[in-house]
Amino acid sequence: MKVKIGLVIGRFQPFHKGHLYLIKKALKEADKIIVAIGSSNISDENNPLSYKTRIKMLKKVIVREKLVNKVIKIIPSPDDPSDDIWLAKLLKNAGKFDIALGNNDWTNGILGKAGYKVLEIPYLKRSSYQGTVIRKLIKSNNKWENLVPVYLVGKISEKLTP
């Protein structure tokens, strides 16, 4: 039985086909979802895309994948050294949700410990669909375009190509 509202968390550095798989699987379990952009307050080598850029990418995905009526909102999820403070900020930004749907052990663990229902969604081809892998491929001028939705290639290339 589907639940009403799910929460999906990802860094989307950059958005790739594994993220699209996660969102689509989440929508098989929930009628609608809230998408939280993790590490929204961080800009470094592991988080080269700004929060603003990631919102633009997600909005494009939502439109192109015809998910406009399925994604309630996109929210920031800033990092914090305290799990309790991280959770409080996440809950304040997210509002009400019925289940967390994801594949990150850390976020799933915190939400589960706080009493939220959590459904782990397995990774899709984790060795390929991983932001770190894609960023390394881009830096070394190797083929990466097949790992992301085709309609995001231009935006990712513009922001991450050396």
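Everything in this summary refers to the structure shown in the same document. All figures in this text were calculated on a predicted structure; none of them were measured in a lab.

## Here we look at helix α3 (residues 83–94)
With 12 residues, α3 should cover 16 Å at 1.5 Å per step; its first-to-last C-alpha distance of 16 Å lies within 8% of that length. All of the buried residues in α3 are W86, L87, L90 and A94. The buried residues of α3 occupy an angular sector of 95° when projected down its axis, which confines them to one face. Turned more than 90 degrees away from the buried face of α3, the exposed residues are D84 and K92. G95 sits one or two residues past α3 and shows a positive phi near 75°.

## Observations regarding the nonpolar core
As a rule of thumb, nonpolar side chains are buried together in soluble globular proteins. If you look at the biggest cluster of nonpolar residues, it comprises 35 residues, and the most contacted ones within it are F15, I23, I33 and I156. Taken together, the elements giving at least two residues each to this core come down to β1 (3–10), α1 (17–29), β2 (30–38), α2 (51–64), β4 (99–102), α5 (131–139) and α6 (153–160). Aside from chain neighbours lying at most four places away, what touches F15 is L20, I23, M57, L58, V61, V148, P149, L152 and I156.

## Re the pattern of salt bridges
For side chains of opposite charge, pairing can occur when their charged atoms come near one another. Per the counting criterion, the structure on display carries 5 salt bridges. Linking E65 and K24 is a salt bridge whose minimum nitrogen-to-oxygen distance equals 3.1 Å. Residue E65 is found in the loop between α2 and β3 (71–77), and its partner K24 is found in helix α1; the two are separated by 41 residues along the sequence. With a relative accessible area of 39%, K24 lands in the partly exposed category. The salt bridge involving E158 is made with K155; its shortest N-O contact spans 3.9 Å. Of the two residues, E158 and K155 are both situated in helix α6; the distance of 3 residues between them amounts to about one turn of the helix. K155 sits in the partly exposed class, given a relative accessible area of 25%.

So, how was this worked out
Residues numbered from 1 in each chain as written. Predicted model: local features only at pLDDT ≥ 70, side-chain atom pairs only at ≥ 80, totals over all residues. Heavy atoms only, no water. Helix = DSSP H or I, 4+ residues; strand = E, 2+ residues; numbered from the N terminus. Expected span 1.5 Å × (residues − 1). Buried < 20%, exposed > 50% of the residue type's maximum accessible area, 1.4 Å probe, protein only. Arc of directions from axis to C-beta. Core = buried A, V, L, I, M, F, W, Y, C linked by side-chain atoms within 4.5 Å. Contact = heavy atoms within 4.5 Å. Salt bridge = Lys/Arg side-chain N within 4 Å of Asp/Glu carboxyl O.

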